[in-house]
Amino acid sequence: VSDYLQAHARAIDEAAARIAPHIRRTPTLTTDLDPDLLLKPECFQVTGSFKPRGAFNAILSLAARDPAPRGLITASSGNHAQAVAIAARTAGLPAVVLIPEGANPAKVAATRAFGAEVITAGISFENRDQRLAEEVAARGLALVHPYDDWDVIHGQGTAARELLEDRPDLTAIATPIGGGGLLSGTALAAKAQNEEIQVIGVEPANADDAYRSLQMKERQRLPRAPDTIADGVRTLSIGQRNFEVLVANRTIEAIVTVTEAEIEEALSTAWLRLKLALEPTGALPLAAYLAGKLPKPQKAARGRGPVALILTGGNFDPAGVARLLASHG
Ligand SMILES: Cc1ncc(COP(=O)(O)O)c(C=O)c1O
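Throughout what follows, the structure given in this document is the object of discussion.

Aromatic ring pairs: the centre-centre distance and the angle between the two ring planes describe each pair. For the structure on display, the rule yields 1 aromatic pair. Consider the rings of W271 and F316, whose centres lie 4.9 Å apart with planes at 75 degrees: the pair is edge-to-face. Here W271, found in helix α10 (residues 260-272), pairs with F316, found in the loop between β9 (307-311) and α12 (318-328); they are 45 residues apart in sequence, far enough to count as distant. On the basis of relative accessible area, F316 is assigned to the partly exposed category, the value being 23%.

Turning next to the pattern of salt bridges. Counted under the stated rule, the structure contains 18 salt bridges. With its nearest N and O atoms 3.1 Å apart, the salt bridge here joins R139 to E117. Linking R139 in helix α5 (residues 128-139) with E117 in strand β4 (residues 117-119), this pair joins segments that are 22 residues apart in sequence. The network of salt bridges with common partners includes D13, R25, R161, E165 and D166.

In this model helix α3 (residues 79-91) runs 18 Å from its N-terminal to its C-terminal C-alpha over 13 residues, within 8% of the 18 Å that 1.5 Å per residue would give. Of all 13 residues in α3, 10 are buried, a share of seventy percent or more. Of all the residues in α3, the buried ones are N79, H80, A81, Q82, A83, V84, A85, I86, A87 and A88. Once α3 ends, the next one or two residues include G92, with phi positive near 75 degrees.

The next point concerns the site of the ligand. Residues in contact with the ligand amount to 17 residues; listed here are only the nearest, N79, G178, G180, G181 and T312. Measuring from an oxygen atom of the ligand, one finds a side-chain N or O atom of K51 at 3.4 Å. At 2.9 Å from an oxygen atom of the ligand is found a main-chain nitrogen or oxygen belonging to L182. The fraction of the free accessible surface of the ligand (390 Å²) that becomes covered by protein chains is 97%. When grouped by side-chain class, the residues that make up the shell around the ligand number 6 nonpolar, 9 polar and 2 charged.

Structurally, the position occupied by T175 is in strand β6 (residues 172-176). In this structure T175 comes out as buried when scored by relative accessible area, which is 0%. Here T175 is in contact with L182, L183, T186, I200, G201, V202, P285 and I310, once residues within four sequence places are set aside.

What follows deals with the nonpolar core. Counting 33 residues, the largest nonpolar core has L170, I173, I177, L183, L246, I252 and I255 as its most contacted members. Counting residues per element, the ones that place at least two in this core are α1 (3-19), α6 (150-166), α7 (181-193), α8 (209-216), α9 (240-248) and β9. When neighbours within four sequence positions are excluded, L246 is seen to be in contact with I177, G180, L183, S184, A187, L214, T251 and I252.

Scoring rules and cut-offs
- Residues numbered from 1 in each chain as written.
- Predicted model: local features only at pLDDT ≥ 70, side-chain atom pairs only at ≥ 80, totals over all residues.
- Heavy atoms only, no water.
- Phe/Tyr/Trp six-rings, centres within 6.5 Å; stacked < 30°, edge-to-face > 60°.
- Helix = DSSP H or I, 4+ residues; strand = E, 2+ residues; numbered from the N terminus.
- Buried < 20%, exposed > 50% of the residue type's maximum accessible area, 1.4 Å probe, protein only.
- Salt bridge = Lys/Arg side-chain N within 4 Å of Asp/Glu carboxyl O.
- Expected span 1.5 Å × (residues − 1).
- Near = heavy atom within 4 Å.
- Polar contact = N/O pair within 3.5 Å; in protein donor to acceptor, adjacent residues only side chain to side chain.
- Areas by Shrake-Rupley, 256 points an atom, 1.4 Å probe, with all protein chains shown as cover.
- Nonpolar A, V, L, I, M, F, W, Y, C, P; charged D, E, K, R; others polar.
- Contact = heavy atoms within 4.5 Å.
- Core = buried A, V, L, I, M, F, W, Y, C linked by side-chain atoms within 4.5 Å.

Put into structure tokens, the structure is as follows:
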């Protein structure tokens, strides 16, 4: 195993220790779908998504600095927003969050309930990086980037670390990919343990910038926010550090894309058969599995062993899920 992987794996170990008092160790589930399929339901994580893993790691590290920052700022479609809000409150620091207009209202309300100042007016996926830079400069706050940040990446890697503690015989792990924080952490944790484990990212076909970035070996950017029910992965491109981990260091086997119909099918399977209240983004790896786009569990890699899916969140919009289940039931 390379020094690169070893150094990152150590940082993931440190992250796991740092965040342990504040997050839940989610279980590794089996289901009736397939005895060799394992699910990591991060919908049961604090705030309903995996995001507090990275946010707590970043914010506890920042708060321990001397001098500590005056406050924190981030931009997010909603799940990282809630995670930053709760971690900032825990660290005793104020937080400001820019959420694009039109975001899932449940996520906006939850972020405010955790005590963060939320700005949505005039924020879009296209201008949010620019607006974030302006606010950072104007207010002197410390940025907690949703994915292009090593502390966030190492925190997100703790989910795969737990999976591997539970099942060291894993042969493949699939996660959604938006900006790439989770997939980067997952790939670093998995490959440091066993380079044969296949690591696969799943994104909507309508938001295939990561897929194209891997093919072209150069970061690709979507011209505008993609039209997808997976509202957690509408980011326009993966981050620089994420590109370094995933593409330049080639720590993943593939990015696969799924159609909107495949995401809907997965969401309905999750709710109706698996009894898991996922949001569409959280069901992306299940969509790829059900569509036959992931390695088959028994045949994966060289040996035999299970395939794990990180089902990343459950912060759904109730009206949207109700409509979808009514038409799929
Ligand atoms: C539920 C859910 N899954 C996956 C992701 C993607 O995470 P990343 O940006 O680290 O790729 C997000 C990001 O917001 C999310 O909210």
